[in-house]
Amino acid sequence: MLELTPKKYKERQALRINPAKTCQPVGAMYAALGIRQCMPHSHGSQGCCSYHRTFLTRHFKEPVIATTSSFTEGASVFGGGSNLKTAVKNIFEIYKPRVIAVHTTCLSETIGDDIPTIIGQLENVPEGKFVIHTNTPSYVGSHITGYSNMVKSMISYFSKNTGQPNGKICVISGFVNPGDMKEIKRILKIMNIDFIMFPDTSGVLDSPMTGNFEMYPKGGTTVEEIQDAGNCSDVLGLGAAAASAGVRQLNKKCKVKEHILELPIGIEATDAFISKLSEISGKDVPEEIETERGQLVDIMIDAHPYYDKKTAAIYGDPDTVLGLAEFCFSLGMQPKYLITGTPDPSFETKGKELFDKFGAKDGFVKHAADLFELHQRLKNDKVDLLIGGTHGKQIARAENIPFLRMGFPILDRYVHPYMPMVGYRGAMRILELMLNVLMDKREADTADEDFELVM
Amino acid sequence: MSKAIQNILDHYPAAVFRNRKEHILEKGGDKKEIAANSRTIPGIITSRGCCYAGCKGVVLGPLQDVAVIVHGPVGCSYYAWGTRRNKAKGRNGRNFVQYCLTTDMQESDIVFGGVKKLTLAIEEAVELFHPAAVMIASTCPVGLIGDDIHAVAAEAEKKYGISVTAYSCEGYKGVSQSGGHHIANNGLISKIIGKGDMKVEDGKFRINILGEYNIGGDGWEIGRILKKIGYEVISVMTGDGAYEELVNAHAANLNVVQCHRSINYIGEMMRVKYGTDWVKVNFIGIDHTVKSLRDMAKYFADEALIQRTEEVIAEEVEDIADDFEQYRKILNGKKAVLYVGGSRAHHYQNLLKSLGVTTVMAGYEFAHRDDYEGREVISTIKEDADSKNIQELKIEKDPEKFKMRLSQEEYDKLSKEIPLNYYAGMIKDMPDGSIVIDDLNHIETEEFIKMLKPDIFFSGIKDKFVAQKAGVLSRQLHSYDYGGPYAGFRGCVNFAKDVAMGITTPTWSYIVAPWKKEPKLTGEFAGGNQ
């Protein structure tokens, strides 16, 4: 496995090998699926849309519906305006969405298609329906940037401050699974807080089997809710990389008070999230939440012999990696490598702060890095646990490191999109899965005479 | 037009209606010609991919000793990384199939050009990996900004002394993956095939397997049977294939073509350049595998080979008979719809038929008319703006390596008996009344499923869950849902077992909750409890 990867590390200037990120448009497509009755539209070659739908489907094991401008060579020379106009007409007539959310691709960006102008020229947008867009050049940022850009555009197009406060808090979810979004909503409900959350892919990418296919399942945030977000008192962004552009836009456009939090993964970040909710709403934290927290701490204490001082390498999206790293530190583990493919210098700053906070001396943190580099480093300094999306499985196999699948994408397992990693319940789940791989490994490496019934 | 087709088309606005009606026909009806390999209308939810997917994803990607560097922003390379199940064992410690190499172009590369970065990326790849060859595949923006990847390749080839070839397979070229197959074929025939020193030798049973991508290990299973009979496989294009084998492909005595669509260009070009005939084979299904093996033996006209072929067939068929029958009993009488790339929608029909499953509809994602109607229609296919953009190479005889394999007399005789340099297409094998559809899109999938009520929908990942949400089993025929191999004799059993599993899984019975299907059995008497 990965036999071509040499142990000796050498800095590369040009060649990206085994990336830990993908391109903007797929993030924009995912965000758009979090609007109710929305058709994500990819303005570019068919291949982009096909790859993105395939990729998301493989993670969620759910239908991912999206359309494309189906560029040909002609469109690439003369511009994609007419393709987009034809597409919008056909989409409204055939698939009848409420919203078409257009994102660009490296092709239409390089040509320089002026999407707002094209949208302005559309003649066939039915009453009460909308075409919105965001620019997602694939050669800038990553899928996280694309997600963030689409969220920002939702606000730019829809949110309004009508001067009548709605008494609600707005939550901008990070780049997380439907199971996480559902968990965030559950917490808000237990806290008895009125809220508007978007994007919300729960109910869309975790829809039940009913024997009927629904092109637009019941989930997603409605246009009216996103409009009304401008009347919220406060907006909380969960995860700086994925949510801060949206938070800032809502503040700028509608004067909603902004708060950018960490993605609430693990005990500390969830504590911060709950405290902030309590502070903003003026409501006490209910017993139900305190019980969940207490249960988490109870499990942490019970199981600590199996994870204490274990070293870990964590890769993936910035907010997720930082959240998982903090949780590992709070467990008494020793994360040593934090890697994201997304170009985001603040990831390194925050990673270093984490290392400092927990007194870790030899931590390595790098943004715009790739899994090939991570593997080379692990060949020289092995860790006890590898945490990240599916693409790390080869490294785990090559180096015989226990592997915890967490984050995005997970292409080779089931159920994960339904389950949370956020909140105290999410932390319990992370812990359960982590203990399973660590303890399975310990058992696999144990001689018969040392093989314990009770652990 | 049949009522079923009319009903589906009624969902469309006029312009879409006019376009789509040309892509659908009923076998045995008045309409004989099907529109194919033409643009998908913008806004239609198509399953099609792009030129790059066909070139890098399909044809070049499986080569295990080649460093394929994707020149473009990160996504295209990332999506084609380990996602197609083109298995490869790797030889001499080289297995690039596990790797994803890209220039990950950034904004400055788009603005100032990406040549410098590409040049450096090749240097880094050569230093790190010492590949047998380097291939460069470009994505959309590269064509627009005008990076001359061919010049970069030529320069690198000189500098490193290994083969470095470039493929301008920008996603917007052509109308589907198909253009990319052609571009890859052109590059392989002009720059790689024939570079080796191996000579053609009479009396050897040397073959190349073309258009076999070793999905789920299909190629290995086919190879096992062929070796058992006594064939020597010079190269496979391209499943578990290698640059180091491709260079000697000209030394084969015969090419066998599994996936016609993706590789027929090389088949034809090798015929002109080296005199190598090709025969269309289909190693999916018992009958077609048997026929393909017999056709190959007939080509070589060697008594011992013919006899050995029959022995192997008898042995292999006997081996699987009981298992196959067990699953046939489960599947007999079922109905299937197939929608796959450019050959499987045809190849699996015979296997399904042997299992008692009727194909009620079949279609291709990126085929041309000849894949539906047979190669005899090629001369009547009109070129359009899109197809003209894919270069048609002018191939000439290789003065040193060209060798006629058959006399004219032998050739004429054999052409009547086996599909020699010929593919008959899918439609001829389909039952009357079945529907043939090109570039099947979302709404058609949904509506045809409701109308035809198939028991199984064979397709890909993008529509798999659409069908299953509607309560119909869907099996992926691109990836085999991570099962397989499905080729050869043993593959038939694997396939039958997987489909039977899907049909019989108890879960289907739980879709409707009990309280929704049964009347309430208990009630209270008026007046309440005593």
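Not measured: the values here are computed from a predicted model.

Colleague: Could you clarify how one ought to interpret the overall build of chain B in this entry?
Modeller: Scanning chain B from terminus to terminus reveals 22 helices and 14 strands. Taken against the 2.2 N^0.38 rule, which gives 24 Å for 530 residues, the C-alpha radius of gyration of chain B at 25 Å falls within 12% of a compact globule. Based on the C-alpha atoms only, the size of chain B along its principal axes is roughly 100 × 65 × 50 Å. Here chain B holds 530 residues, and 63% of them are scored as buried. A separation threshold of at least 6 residues defines the contact pool for chain B, and within that pool the share at least 24 residues apart is 76%. Taken as a whole, chain B presents about 20,500 Å² of accessible surface, with 52% of it coming from carbon and sulfur. A gap of 2 Å separates the mean positions of the 66 positive and 71 negative side-chain charges of chain B.

Colleague: When you look at the packing of helix α10 (residues 218–229) of chain B against helix α21 (residues 488–504) of chain B in this model, what are you seeing that I'm missing?
Modeller: Residue and element names in this part refer to chain B. Interaxial distance between α10 and α21 falls to 8 Å at its minimum, and their mutual angle equals 145°. Residues E221, R224 and I225 of α10 touch α21, and the partners they reach there are G488, F489 and R490. Here the residues of the contact of α10 with α21 are counted per class, giving two nonpolar, one polar and three charged.

Colleague: Looking at this model, I keep getting lost on the packing of aromatic side chains. Mind explaining?
Modeller: Each aromatic ring pair is summarised here by two numbers: the centre-to-centre distance and the angle between the ring planes. Under the criterion given, the structure shown has 31 aromatic pairs over all chains. Arranged with centres 5.2 Å apart and planes meeting at 20°, the rings of Y30(A) and F60(A) form a pair that is stacked. Note that Y30(A) is positioned in helix α1 (residues 24–32) and F60(A) in helix α2 (residues 46–60), a separation of 30 residues in sequence. When the ring of Y364(B) is compared with that of Y372(B), the centres are 4.9 Å apart and the planes differ by 55°; the resulting orientation is tilted. The pair formed by Y364(B) and Y372(B) is uniform in burial state, with each residue classed as buried. Members of the aromatic cluster, joined through ring pairs, are Y30(A), Y51(A), F55(A), F60(A), Y147(A), F175(A), F408(A), Y52(B), Y78(B), Y79(B) and W81(B). The residue whose ring lies beneath R84(B) is Y213(B), and the NZ or CZ to ring-centre distance is 4.8 Å. For K89(B), the ring lying beneath its charged end belongs to W220(B), and the centroid distance is 4.2 Å.

Colleague: What should I look at first to understand the interface of chain A and chain B in this one?
Modeller: It is common to give the size of an interface as the accessible area lost on bringing the parts into contact. Contacts between the two partners involve 74 residues from chain A and, on the opposite side, 76 residues from chain B. Between chain A and chain B, roughly 6,500 Å² of surface is buried when both sides are summed, and carbon and sulfur atoms account for 64% of that area. Broken down residue by residue, the surface that chain A buries against chain B is led by L4(A), Y51(A) and Y139(A), which jointly contribute 12%. Our count for the chain A to chain B interface comes out at four salt bridges. Here K10(A) ties to E127(B) by a salt bridge, and the two come within 2.9 Å at their closest N and O atoms. Here chain A and chain B share 32 residue pairs in polar contact (both at pLDDT 80 or more) between them. Put simply, the parts of the chain that give the side of chain A that touches chain B at least two residues each are β1 (16–17), α2, β3 (67–68), α3 (73–78), α4 (81–95), α5 (106–111) and α15 (371–380) of chain A. Judged from the two bridges that link them, β1(A) and strand β3 (residues 101–102) of chain B form a sheet pairing that is antiparallel. Paired with R16(A) across the strands is T102(B), a residue of β3(B).

Calculation notes
Residues numbered from 1 in each chain as written. Chains lettered and ligands numbered in written order. Predicted model: local features only at pLDDT ≥ 70, side-chain atom pairs only at ≥ 80, totals over all residues. Heavy atoms only, no water. Helix = DSSP H or I, 4+ residues; strand = E, 2+ residues; numbered from the N terminus. Rg over C-alpha atoms; globule rule 2.2 N^0.38 Å. Buried < 20%, exposed > 50% of the residue type's maximum accessible area, 1.4 Å probe, protein only. Contact = heavy atoms within 4.5 Å. Areas by Shrake-Rupley, 256 points an atom, 1.4 Å probe, with all protein chains shown as cover. Lys, Arg positive; Asp, Glu negative; His and termini not counted. Charge placed at Lys NZ, Arg CZ, Asp CG, Glu CD. Axes fitted to C-alpha atoms, helices over the stretch in contact; angles between N-to-C directions. Nonpolar A, V, L, I, M, F, W, Y, C, P; charged D, E, K, R; others polar. Phe/Tyr/Trp six-rings, centres within 6.5 Å; stacked < 30°, edge-to-face > 60°. Lys NZ or Arg CZ within 6 Å of the ring centre and 35° of its normal. Buried area = accessible area lost by both parts, 1.4 Å probe. Salt bridge = Lys/Arg side-chain N within 4 Å of Asp/Glu carboxyl O. Polar contact = N/O pair within 3.5 Å; in protein donor to acceptor, adjacent residues only side chain to side chain. Pairing = 2+ DSSP bridges.

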